[in-house]
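Listed here are the chains, written in short residue letters.
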Amino acid sequence: MSLEAFKNRNVGSQNYVPVEIDDYPTDGWDKFKQVVKRSLSKELFVGLWVVFREMVKFKIHTVQYPEEVLPLPPRYRAVHKLLRLLESGNERCIGCGLCEKICVADCIRMETKVDENSRKEVTEYSINLGRCIFCGYCAEVCPELAIVHGSRYENVSEQRAHFVIKDDMLTPIDFLKQQNEFDGFGAVSPNADELVKKTPLAY
Ligand code: SF4
Ligand code: SF4
């Protein structure tokens, strides 16, 4: 095979489709004609017709945020809440520290003390929302369903280190009646009793 034949060994004219490329306009008048031609092509009017057709249907899909917000799914993981016991109003958190230990972003800080009744009391509790990745581990590991994910997602701040503290998360005692039993992320599922299997060992 000659060198020329070797260079053209994969080149067959039947495999190529020549593309028609218009000459680019060089002077101002030709450029103006090209702009007019492209601007008034029929695609423009098709687009205008689609817009007009949807406009006269008056089906508004835009959500007027913040006056109007979309409903969140129940398992959405937004800013945390600390819950109280519905019967007594006591804080559910027992200060076990599991949430602090499992936190992958290391953003939970808590302080505890032993109160006058020899019970452990959580004095300080904060989450650095600038670090939190809203993974939900803290809510999932909590044995008391004390920390859950609420539905407040508007947590913008001017500070990089933006903390949510215990008083902001804890249900105010005056609003205890408004605290619903949480059925979102980390909560016991409604059919938990059906899912629990009896221990096979006889005690
Ligand atoms: S959601 Fe995840 S990252 Fe945020 S505080 Fe809980 S465990 Fe930490
Ligand atoms: S895991 Fe639950 S009970 Fe334990 S310290 Fe965290 S919030 Fe409190």
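Residues numbered from 1 in each chain as written. Chains lettered and ligands numbered in written order. Predicted model: local features only at pLDDT ≥ 70, side-chain atom pairs only at ≥ 80, totals over all residues.

**Q** Would you explain the overall build of the protein chain in this entry?
**A** Counting secondary structure elements, the protein chain contains seven helices and five strands. Listing each helix as α and each strand as β along the protein chain from the N terminus yields α-α-α-β-α-β-β-α-β-β-α-α. Relative to a compact globule of 203 residues, whose C-alpha radius of gyration would be 17 Å, the protein chain shows 32 Å and is clearly more extended. Each of the three principal axes of the protein chain carries a C-alpha extent, and together these read 95 × 60 × 40 Å. Counting the 203 residues in the protein chain, one finds 12% classified as buried. (Helix = DSSP H or I, 4+ residues; strand = E, 2+ residues; numbered from the N terminus. Rg over C-alpha atoms; globule rule 2.2 N^0.38 Å. Buried ≥ 20, exposed ≤ 12 C-beta atoms within 10 Å, placed from the backbone.)

**Q** How do you make sense of the site of ligand 1 when you look at a structure like this?
**A** Near ligand 1 you find 14 residues, and of these C103, A105, C132, C135 and C138 are the closest. Class assignment of the residues belonging to the shell around ligand 1 gives a composition of 13 nonpolar, one polar and no charged. (Near = placed C-beta within 6 Å. Nonpolar A, V, L, I, M, F, W, Y, C, P; charged D, E, K, R; others polar.)

**Q** Got a minute to help me understand the domain arrangement of the protein chain in this structure?
**A** One frequently used descriptor of interface size is the decrease in accessible area upon assembly of the parts. Partitioning the protein chain into structural domains gives domain 1 (21–56) and domain 2 (80–180). Here domain 1 and domain 2 have C-alpha centroids that lie 59 Å from each other. (Domains from an automatic or database assignment.)

**Q** For this particular structure, what's the right way to read the site of ligand 2?
**A** The immediate surroundings of ligand 2 are formed by C93, I94, G95, C96, G97, L98, C99, V141, C142, E144, A146 and I147. The residue makeup of the shell around ligand 2, split by class, is nine nonpolar, two polar and one charged.

**Q** Could you clarify how one ought to interpret the environment of S157 in this entry?
**A** Residue position: S157 is located in the loop between strand 4 (147–149) and strand 5 (163–165). In this structure the C-alpha to C-alpha distance between S157 and G130, which are 27 residues apart in sequence, comes to 9.0 Å.

**Q** I would appreciate a short explanation of the pairing of strand 3 (residues 120–128) in the present structure.
**A** Remember that side chains alternate between the two faces of the sheet whenever the strand is regular. Two elements, strand 2 (residues 108–114) and strand 3, share seven bridges in a ladder whose sense is antiparallel. In the strand pairing of strand 3, T112 is matched with V122. As defined by bridge partners, strand 3 adjoins strand 5 across three bridges and the pair is classed as antiparallel. Within the sheet, the bridge partner assigned to I127 lies in strand 5 and is V164. (Pairing = 2+ DSSP bridges.)

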